[in-house]
Amino acid sequence: MKLGFIGLGVMGAPMAAHLVAAGHDVSGFDVNAAARGKLEAAGGRAAGDAGDAVAGADVVITMLPDHPQVEAVVLGAGGVLDVAGRGTLLIDMSTIRPETSIAVAEAARDKDIRVLDAPVSGGQAGAEQATLSIMVGGSEADFAAAKPVLEVLGKTIVHVGPHGSGQVVKAANQLVVGGIYGLVAEAIVLLEASGVDAATGLDVLAGGLAGSRILELKRKSMVDRQFGPGFRIDLHHKDMGIALAAARQADVALPLTGLVAQLVAAGRAMGYGSLDHSALLKVAEQLSGRVPAEV
Ligand code: NAD
């Protein structure tokens, strides 16, 4: 199958490489030349611009930071909707606000281009190991068409509802992930301030009811203060904004989500925006007057 892939960053680069390895003819574009180089090294073709990546593609995947980039690449002049042929399937795997996913799907309908919102969870490791969870919004028929491609990238692939629903599920995912990171960070602060070995303490937590994927995968790197991305605090800040906006839209109160959003905002304000979101530990340490260990 001929695939266009736009956005070859932390997530997009390994995802595009898996699609090449699965035998697809992948043309990719990223504004960053080094990112394009990664696709070439994996055996794909580096396109000169987004339109070049999209021309003639059966399926186009976008994996971009936020809604302004998706709007520019998809709706902008020379972008996906201008260049893609009728019947092309656009799978936007970026995490963006649901209303943009809905607007993109409406704009695409006029051009006979099919659209799914398909954000992912599982982090960099999930992208590299092709074990992502993928939450898909759009029609059943388009989901069925996309499934063979998505199966190359993930393990849990679920159609969750109409356009925008994938993004709502992702917002729910992000508020849970942010909350768990915040609490693991506080557990580490408590253990260390009480003179208990944090690594040992978290080993016990991981085996009990408090166990989670975050404790399983990240407790060692957190205790060791390894905060290289990963998933940048800046991106999680964006996602908490999406979650709070979705809550407002749905007319519900999510007080803990509001608190977690403020912790993430504090991490950004303290200058940790480019660190992995597990660096919420540095925020928790500072709130208790404890000097964060150097990264
Ligand atoms: P990233 O910043 O590493 O990658 C995004 C890429 O898009 C960059 O290489 C950037 O150069 C490129 N880009 C930006 N504007 C562009 C444009 N106009 N045209 C072409 N390329 C452009 O980000 P990431 O970590 O790969 O995340 C991508 C998306 O996936 C985000 O929405 C993020 O929230 C989501 N996500 C990330 C993770 C993670 O662990 N990193 C996990 C799940 C979901």
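Residues numbered from 1 in each chain as written. Predicted model: local features only at pLDDT ≥ 70, side-chain atom pairs only at ≥ 80, totals over all residues.

(A) Region of the structure containing the overall build of the protein. Check the secondary structure of the protein and you find 14 helices and 9 strands. At 20 Å, the protein has a C-alpha radius of gyration in line with the 19 Å of a compact globule built from 295 residues. Dimensions of the protein along its principal axes, counting C-alpha atoms only, are 65 × 45 × 35 Å. Sorting the 295 residues of the protein into buried and exposed places 47% on the buried side. Nonlocal contacts in the protein, meaning residues at least 24 apart in sequence, comprise 63% of its contacts between residues at least 6 apart. (Helix = DSSP H or I, 4+ residues; strand = E, 2+ residues; numbered from the N terminus. Rg over C-alpha atoms; globule rule 2.2 N^0.38 Å. Buried ≥ 20, exposed ≤ 12 C-beta atoms within 10 Å, placed from the backbone. Contact = placed C-beta atoms within 7 Å.)

(B) Representation of the UniProt feature "domain: 3-hydroxyisobutyrate dehydrogenase-like NAD-binding" (unreviewed entry) in the protein within the structure. According to UniProt, the feature "domain: 3-hydroxyisobutyrate dehydrogenase-like NAD-binding" (unreviewed entry) maps to residues 164-283 in the numbering used here. In residues 164-283, helix accounts for 72% and strand for 0%; the two terminal C-alpha atoms are 32 Å from one another. (UniProt positions renumbered as here; feature names shortened; annotations may be inferred.)

(C) Structural view of the pairing of strand β1 (residues 2-6). Burial of β1 is extensive: 4 of the 5 residues sit out of reach of the surface. As judged from the 5 bridges shared by β1 and strand β2 (residues 25-29), these two strands associate in the parallel manner. Looking at β2, one finds that glycine 4 is bridged to serine 27. Handedness of the crossover is the feature at issue here: the chain leaves β1, passes through helix α1 (residues 12-21), returns alongside β2, and the resulting connection is right-handed. As defined by bridge partners, β1 adjoins strand β4 (residues 59-62) across 4 bridges and the pair is classed as parallel. What sits directly across from leucine 3, in β4, is valine 59. (Pairing = 2+ DSSP bridges. Right-handed = clockwise from strand over helix to strand, strands pointing away.)

(D) Broad picture of the nonpolar core. Core analysis: the largest hydrophobic core is formed by 84 residues, its most contacted members being Phe5, Ala16, Val80, Leu90 and Ile91. If you tally residues by element for this core, the top one is helix α9 (residues 165-193), at 10 residues. When residues of this core are sorted by domain, at least three fall in each of domain 1 (2-162) and domain 2 (168-287). Setting aside residues up to four positions removed in sequence, valine 80 forms contacts with Ala50, Val54, Val60, Val73, Val74 and Leu90. (Core = buried A, V, L, I, M, F, W, Y, C linked by C-beta atoms within 7 Å. Domains from an automatic or database assignment.)

(E) Geometry of the UniProt feature "domain: 6-phosphogluconate dehydrogenase NADP-binding" (unreviewed entry) in the protein. Under the UniProt annotation, "domain: 6-phosphogluconate dehydrogenase NADP-binding" (unreviewed entry) lies at residues 2-161. Within the segment residues 2-161, helix and strand shares are 41% and 25% respectively, and the terminal C-alpha atoms sit 27 Å apart.

(F) Here's a closer look at unusual backbone geometry. The residue aspartate 112 is not glycine, and still its phi comes out positive at about 65°. Position of aspartate 112 relative to the elements: it lies in the loop between α6 (98-109) and β6 (114-117). On the neighbour-count criterion, aspartate 112 (11 C-beta atoms within 10 Å) is exposed. Even without being glycine, alanine 130 reaches a positive phi, approximately 55°. Along the polypeptide, alanine 130 turns up in the loop between α7 (123-128) and β8 (132-137). For alanine 130, a count of 19 C-beta atoms within 10 Å translates into the label partly exposed.

(G) Expanded view of the packing of helix α13 (residues 255-269) against helix α14 (residues 280-287). Contact pair α13 / α14: the axes reach a minimum separation of 9 Å and the direction vectors enclose 90°. It follows from the interaxial angle that α13 and α14 lie roughly perpendicular. In this structure, α13 uses Leu263, Ala266 and Gly267 to contact α14, whose residues at the interface are Leu280, Lys282 and Val283. Per-class residue counts for the contact of α13 with α14 are 4 nonpolar, 1 polar and 1 charged. (Axes fitted to C-alpha atoms, helices over the stretch in contact; angles between N-to-C directions. Parallel < 35°, antiparallel > 145°, perpendicular 65-115°, else oblique. Nonpolar A, V, L, I, M, F, W, Y, C, P; charged D, E, K, R; others polar.)

(H) Just the site of the ligand, in detail. Around the ligand, 28 residues are found, and the nearest of them are Gly9, Val10, Met11, Thr95 and Phe231. Elements represented by at least two residues in the shell around the ligand include exactly α4 (67-75), β7 (120-121) and α7. Counted by class, the shell around the ligand contains 16 nonpolar, 11 polar and 1 charged residues. In terms of domain composition, the shell around the ligand takes at least three residues from each of domain 1 (2-162) and domain 2 (168-287). (Near = placed C-beta within 6 Å.)

(I) Structural detail: the pairing of β6. Burial along β6 is two-sided: Arg114 and Leu116 and Val115 and Asp117, pointing in opposite directions, are all buried. Across 4 bridges, the pairing between strand β5 (residues 89-92) and β6 is parallel. Looking across to β6, one finds that isoleucine 91 is bridged to leucine 116.

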